[in-house]
Amino acid sequence: MNCERCSEDASVSHHDVDGFAYYLCVPCAEEWDAVRDATTVIDAAGRSPAR
Ligand SMILES: [Zn+2]
């Protein structure tokens, strides 16, 4: 199956992103997780009541 991010024909796994189902290869999934983690951190910091 093809990765929906890089279109590589590879072994993909299912990921739920913002309510959408994506099939990503391992490198893309790891990248995606890193991006999501970074976004979560920024989002949490932005909403911090300490500011
Ligand atoms: Zn990929």
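All of these numbers come straight from a predicted model, not from anything done at the bench.

A word on the overall build of the protein. Across its full length, the protein carries one helix and two strands. Counting from the amino terminus, helix and strand elements in the protein follow one another as β-β-α. Burial statistics for the protein: of 51 residues in total, 8% are counted as buried. A sequence separation of at least 24 residues applies to 3% of the contacts in the protein between residues at least 6 apart.

Further remarks concern the pairing of strand β1 (residues 12–17). Of the pairings in the sheet, the one linking β1 to strand β2 (residues 20–25) comprises six bridges and is antiparallel in character. Looking at β2, one finds that D16 is bridged to A21.

Our focus in this paragraph is the environment of V17. Within the fold, V17 resides in strand β1. The sequence separation of V17 and W32 amounts to 15 residues, and the corresponding C-alpha distance is 9.2 Å. If we ignore the near neighbours within four places in the chain, the residues touching V17 are Y22 and W32.

Moving on to the confidence of the model for the protein. For the protein, the average pLDDT comes to 84, and 88% of its residues sit at 70 or higher. Helix α1 (residues 26–46) is the least confidently modelled element of the protein, averaging 80 in pLDDT, while β2 averages 91, the highest of any element.

The next subject is unusual backbone geometry. With phi around 65°, S7 is a residue other than glycine that occupies positive phi space. Relative to the assigned elements, S7 resides in the segment before β1.

Reading guide: rules and limits
Residues numbered from 1 in each chain as written. Predicted model: local features only at pLDDT ≥ 70, side-chain atom pairs only at ≥ 80, totals over all residues. Helix = DSSP H or I, 4+ residues; strand = E, 2+ residues; numbered from the N terminus. Buried ≥ 20, exposed ≤ 12 C-beta atoms within 10 Å, placed from the backbone. Contact = placed C-beta atoms within 7 Å. Pairing = 2+ DSSP bridges. pLDDT = per-residue confidence, 0-100.

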